[in-house]
Amino acid sequence: MTTSRSTYHHGELRQAVLAAALDVIAAEGPGALSLRDLARRAGVSHAAPAHHFKDRTGLLTAIATEGYGLLAAGLADAPGLRERGVRYVRFAVDHPAHFQVMFQPELLRADDADLLAAKERASAELRTGVAGLTGVPEPRTAGIAAWSLAHGFATLLLTHNVREALGDRDPEEYFHSLTGLLFAEQLATGEGE
């Protein structure tokens, strides 16, 4: 449904374009994104989205920034590493378009201040989960291992590559059990739970 240009207010057009972009990305991937098509979907002139995002890179950067903010909020106050991993997977499932864009730096303005701040908030939340582990000689390496497990599982889940392995098991529960394989010793002591 196309909405009349006159019904949009300044902030509403930005959100309408973001929402339309997320729909396109979820269905067809970020390569299918076009500001002209998004303007058509929003029922505005082809130049209108550029007032908010400047160009396609600006739009993708805004999506990634929003995604990192949502991820940081989702990880906040998680009781430990395992639950942060589960929430990471949940974020990917709940926000697949954001997830696709966030980890493709070639699509983004790497020096965007809002993006950098949002990435740092999400990274800090991930590091907090590793900080609760004991017996980890290299916390940074453990953090990368934990992130790799969560990110890899989320990616496999979103691309339907673990559907058969999962069967009818809940993906979050399945991931919960996977963390025990990687961090069995640390989780057995009650740390990182």
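The preceding data block contains the structure.
Predicted, not measured: the structure shown is a model, and the values here were computed from it. Here the residue index of a chain counts from 1 through its sequence in written order. Side-chain atom pairs in this predicted model are given and counted only at pLDDT of 80 or more, local residue features only at pLDDT of at least 70, and totals for whole chains, interfaces and linings cover all residues. Side-chain measures here rest on the full set of heavy atoms in the structure, leaving out hydrogens and waters.

Visitor: What should I look at first to understand the environment of leucine 158 in this one?
Guide: Per the convention used, a helix needs a DSSP run of H or I reaching at least four residues, while a strand needs a run of E reaching at least two, with both numbered from the N terminus. Among the structural elements, leucine 158 can be located in helix α8 (residues 139-158). When the C-alpha positions of leucine 158 and phenylalanine 99 are compared, they lie 9.6 Å apart, and in sequence the two are 59 residues distant. The contacts of leucine 158, once residues within four sequence positions are left out, are Ala92, Val93, Pro96 and Phe99. Only heavy atoms matter for contacts: two residues are in contact if any of them lie within 4.5 Å across the pair.

Visitor: For this particular structure, what's the right way to read the nonpolar core?
Guide: One recurring pattern in soluble globular proteins is that nonpolar side chains are buried together. Residues belong to a common nonpolar core when they are buried Ala, Val, Leu, Ile, Met, Phe, Trp, Tyr or Cys residues joined through side-chain atoms within 4.5 Å. Think of it in three bands: with a 1.4 Å probe and only protein chains considered, a residue is buried below 20% of the maximum accessible area for its type, exposed above 50%, and partly exposed in between. Ranked by size, the top nonpolar core spans 48 residues in total, and within it Leu33, Leu38, Leu59, Ile63 and Phe153 carry the most contacts. The greatest single-element share of this core, amounting to nine residues, is contributed by helix α4 (residues 56-75). Those residues in contact with isoleucine 63 that sit more than four places away from it in its chain are Leu18, Ala21, Leu22, Ile25, His98 and Val101. With five residues, the next largest nonpolar core counts Leu81, Val130, Leu133 and Ala146 among its residues.

Visitor: Sorry, what's going on with α8 here?
Guide: For the α-helix, the turn length of 3.6 residues means that residues three or four positions removed from each other point alike. The span one expects for a helix is its residue count, reduced by one, times 1.5 Å. A rise of 1.5 Å per residue sets the reference length of α8, with its 20 residues, at 28 Å; its end C-alpha atoms lie 28 Å apart and thus fit the reference within 8%. Residues of α8 that are buried include every one of Ala142, Ala146, Ala150, Phe153, Ala154 and Leu157, and no others. Each buried residue of α8 sits inside an arc of 100° when the element is viewed along its axis, so together they form one side. Where α8 ends, the next residue or the one after it, histidine 160, has phi of about 60°, a positive value. Each direction from the helix axis to a C-beta atom contributes to the arc, which is the arc of those directions.

Visitor: I tried to follow the packing of α4 against helix α7 (residues 113-131) on my own but got confused; where do I start?
Guide: Relative orientation and spacing of two packed helices are given, respectively, by the angle between their axes and the distance between those axes. Note on definitions: angles span 0 to 180 degrees between N-to-C directions of axes, and those axes are lines fitted to C-alpha atoms, for helices only across the stretch in contact. At their nearest, the axes of α4 and α7 sit 8 Å apart, and the two run at 25° to each other. Considering their axes alone, α4 and α7 lie roughly parallel with respect to each other. Crossing of α4 against α7: the hand is left-handed. Residue-level contacts link Thr61, Ala64, Thr65, Tyr68, Gly69, Leu71, Ala72 and Leu75 of α4 to Asp114, Leu115, Ala118, Lys119, Arg121, Ala122, Glu125 and Leu126 of α7. Looking at the contact of α4 with α7 residue by residue, the class counts come to nine nonpolar, three polar and four charged. Roughly parallel means an angle under 35 degrees; roughly antiparallel, over 145; roughly perpendicular, 65 to 115; everything else is oblique. Two helices cross in a left-handed way if the nearer one is turned anticlockwise from the farther one by less than a right angle. They cross in a right-handed way if the turn is clockwise. Only Asp, Glu, Lys and Arg are considered charged in this grouping, and only Ala, Val, Leu, Ile, Met, Phe, Trp, Tyr, Cys and Pro are considered nonpolar; every other residue, Gly among them, is considered polar.

Visitor: I tried to follow the packing of aromatic side chains on my own but got confused; where do I start?
Guide: Aromatic rings considered in pairs are described by the distance between their centres and by the relative angle of their planes. When two rings of Phe, Tyr or Trp (its six-membered ring) have centres within 6.5 Å they constitute a pair, described as stacked for plane angles under 30 degrees, edge-to-face for angles over 60, and tilted for the intermediate range. Enumeration over the complete set of coordinates arrives at six aromatic pairs. Note on phenylalanine 103 and tryptophan 147: the rings are 6.3 Å apart at their centroids and 55° apart in plane angle, and the pair reads as tilted. Placement of phenylalanine 103 in the loop between α6 (96-102) and α7 and of tryptophan 147 in helix α8 is noted, with a sequence separation of 44 residues between them. Owing to a relative accessible area of 24%, phenylalanine 103 belongs among the partly exposed residues under this scheme.

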